[in-house]
Amino acid sequence: MSALHEVKRAIVDVCRKIDAREYVGGRDGNVSVLASNGTIVVTPAGIRKGDVTADDLLVVDRRGAVLQGRGGPSTETLMHLRIYDLRSDVRAVVHAHPPVATGFAAAGVEMNECILPEVIVGLGRVPITRYATPGTPELSSSLDPLIAEHDAYLLANHGVVTVGADVVSAHHRLETVEQAARILLVARLLGGANPLGPREVRELIEGRSRYGVREGLAGCELPEAGAEREDTEAAGPSAPPSTRAAEDELVERIVGQVLERLRG
Ligand SMILES: [Zn+2]
């Protein structure tokens with residue numbers, strides 16, 4: 001079996017999953033992989049992701065010229081090419097319109113606060129791009145300021161883009177973004193999420209290096225109140241040592257569980 005055949009099979013698998021989870025409607029969404037031979041395998045324009053087969057996928061060069069396949073590549077191929085140009089470590093890009101995260105993108109609400117461990121560790125933050133018309137070069141360049149430090153972005157009034165070293169990890173990040181958006185939405189309905197403080201965030205960030213999360217990934221945005229909380233702790237913890245030890249153990253356990261999920 002050729003490497004290209006394996007790549008196509010993996011893309012079809014991801015297309016089926018994003019369709020099954022209703023992360024796309026109609027012909028929305030696109031997936032690509034930078035293959036080991038330097039070509040890019042990308043989903044075609046105009047086909048439902050749930051109906052895509054390996055034979056439908058196109059192979060394009062780094063400038064988007066079709067090398068193999070019928071019909072046209074995804075209208076967002078330019079955006080995928082731009083990401084590969086700016087991030088040599090990225091080998092896969094997934095774009096979809098998962099409804100809750102896309103709701104955040106439409107409402108202009110970034111997912112940047114330090115709230116959920118799996119986001120803090122694996123994504124840092126999920127910012128929103130400036131709006132650009134889908135399928136245009138402007139959409140591609142709207143990502144430029146975010147590409148280096150982020151592995152997931154919300155496209156303003158449009159959808160979500162995630163990247164990875166392979167299509168499975170890019171897809172997992174898409175699932176993490178949508179799941180986090182659902183949780184944050186519920187927290188908002190219940191009166192607002194409680195952000196973690198600097199000490200908890202620091203422990204989560206320290207866990208990144210132990211489990212191979214890339215350096216250079218942005219961190220979450222710490223709230224002002226959190227900084228004050230750390231100052232208080234530095235001056236003399238109000239909680240007894242046994243409580244502090246229990247908190248440390250809890251944070252350590254959460255870090256372990258989160259990183260285990262990221263590796264899986
Ligand atoms: Zn789209």
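Residues numbered from 1 in each chain as written. Predicted model: local features only at pLDDT ≥ 70, side-chain atom pairs only at ≥ 80, totals over all residues. Heavy atoms only, no water.

Enquirer: Help me out: how do you make sense of the coordination of the zinc ion in this one?
Expert: Six octahedral donors around a metal ideally sit at 90 or 180 degrees from one another, while four tetrahedral donors ideally sit at 109.5 degrees. Coordination of the zinc ion by the protein comes from H95 (NE2), H97 (NE2) and H158 (NE2), over a distance range of 2.0 to 2.1 Å. Spacing between the donor residues of the zinc ion along their common chain follows H-x1-H-x60-H. With H95 in strand β5 (residues 92-96) and H158 in the loop between β6 (152-155) and β7 (159-164), this residue pair connects regions lying 63 residues apart in the sequence. Residue H95 shares its accessibility class with H158, and that shared class is buried. (Donors = N, O, S within 2.8 Å, 3.2 Å for Na, K, Ca; no water. Helix = DSSP H or I, 4+ residues; strand = E, 2+ residues; numbered from the N terminus. Buried < 20%, exposed > 50% of the residue type's maximum accessible area, 1.4 Å probe, protein only.)

Enquirer: Explain the sheet that holds β5 to me, please; I cannot follow it from the model alone.
Expert: For sheets, the rule is that strands pair by backbone hydrogen bonds, running either parallel or antiparallel. Read from one edge of the open sheet, seven strands run β4-β3-β2-β1-β5-β7-β6, paired in antiparallel fashion. The sheet is open, and its two borders are formed by β4 (66-68) and β6, each paired with just one other strand. Sheet twist, expressed as the average angle between the axes of neighbouring strands with direction ignored, equals 25 degrees. (Pairing = 2+ DSSP bridges. Axes fitted to C-alpha atoms, helices over the stretch in contact; angles between N-to-C directions.)

Enquirer: Looking at this structure, I do not really get the state of the cysteines. What am I missing?
Expert: Counted under the stated rule, the structure contains one disulfide. The disulfide partner of C114 is C220, and the S-S distance across this bridge is 2.0 Å. In this structure, the disulfide formed by C114 and C220 twists by about 100 degrees around the S-S bond and is classed as right-handed. Of this pair, C114 sits in the loop between α3 (99-107) and α4 (117-122) while C220 sits in the loop between α8 (198-210) and α9 (224-235), and the two are 106 residues apart along the sequence. By relative accessible area, which is 12% here, C220 ends up buried. (Disulfide = S-S within 2.5 Å.)

Enquirer: How should I be thinking about the pairing of β7 in this particular structure?
Expert: Two faces make up the sheet, and in a regular strand the side chains alternate between them. Among the six residues in β7, six count as buried, and that is most of the element. Residue alternation in β7 divides its side chains into two sets, G159, V161 and V163 and V160, T162 and G164, and both sets are buried. Relative to β7, β5 runs antiparallel, the two being bridged by five bridges. Across the sheet, the residue bridging to V94 is T162, located in β7. By the bridge criterion, four bridges tie β6 to β7 in an arrangement that is antiparallel. Residue pairing for β7: Y153 is matched across the bridge by V161. Hairpin geometry of β6 and β7 is characterised by an intervening segment of three residues between the two adjacent antiparallel strands and by a positive phi of about 55 degrees at N157.

Enquirer: When you look at the confidence of the model for the protein chain in this model, what are you seeing that I'm missing?
Expert: Low pLDDT means the predicted coordinates in that region are not meant to be read closely. For the protein chain, mean pLDDT is 90; residues scoring 70 or higher make up 87% of the total. Segment residues 228-240 is flagged for pLDDT under 50; beyond a separation of four residues in sequence, or across chains, it makes nine contacts in the model. (pLDDT = per-residue confidence, 0-100. Contact = heavy atoms within 4.5 Å.)

Enquirer: Even after reading the chapter, I still don't get the packing of helix α1 (residues 3-20) against helix α7 (residues 167-189), so can you show me in this structure?
Expert: When two helices pack together, their arrangement is given by the angle between the helix axes and the distance between those axes. Following both chains from N to C, one finds α1 and α7 inclined at 15 degrees, their axes separated by 10 Å at the closest point. As judged from the angle between their axes, α1 and α7 are roughly parallel. Our pair here, α1 against α7, has a crossing hand that is right-handed. From α1, A10, V14, K17 and I18 reach across to α7, where they touch V167, H171 and L174. Here the contact of α1 with α7 is built from residues that sort into five nonpolar, one polar and one charged. (Parallel < 35°, antiparallel > 145°, perpendicular 65-115°, else oblique. Left-handed = near helix turned anticlockwise from the far one by under 90°. Nonpolar A, V, L, I, M, F, W, Y, C, P; charged D, E, K, R; others polar.)

Enquirer: Would you mind going over the environment of H80 with me for this structure?
Expert: With respect to the helices and strands, H80 occurs in helix α2 (residues 77-86). Look at H80 and you get buried, because its relative accessible area is 1%. Sequence separation between H80 and I40 is 40 residues; the distance between their C-alpha atoms is 9.3 Å. Residue contacts for H80: discarding those within four places in its chain leaves N30, V31, S32 and V93. A polar side-chain atom of H80 sits 2.7 Å from a polar atom in the side chain of N30. (Polar contact = N/O pair within 3.5 Å; in protein donor to acceptor, adjacent residues only side chain to side chain.)

Enquirer: How do you make sense of the packing of α3 against α7 when you look at a structure like this?
Expert: Where α3 meets α7, the axes come as close as 7 Å, and the angle between the chain directions of the two elements is 65 degrees. When the axes of α3 and α7 are compared, the pair comes out roughly perpendicular. Two packed elements cross with a definite hand, and for α3 against α7 that hand is left-handed. Between α3 and α7, the contacting residues are P99, V100, A101 and F104 on the first element and V177, E178, A181, R182, L184, L185 and R188 on the second.

Enquirer: What is the right way to look at α8 in this model?
Expert: An α-helical turn contains 3.6 residues, so any two residues separated by three or four positions project in the same direction. Over its 13 residues, α8 runs 19 Å from end to end, which matches the ideal 18 Å to within 8%, given 1.5 Å per residue. Listed as buried for α8 are P198, R199, E200, V201, E203, L204, G207 and R208. The first or second residue beyond α8 is G212, which carries a positive phi of 80 degrees. (Expected span 1.5 Å × (residues − 1).)

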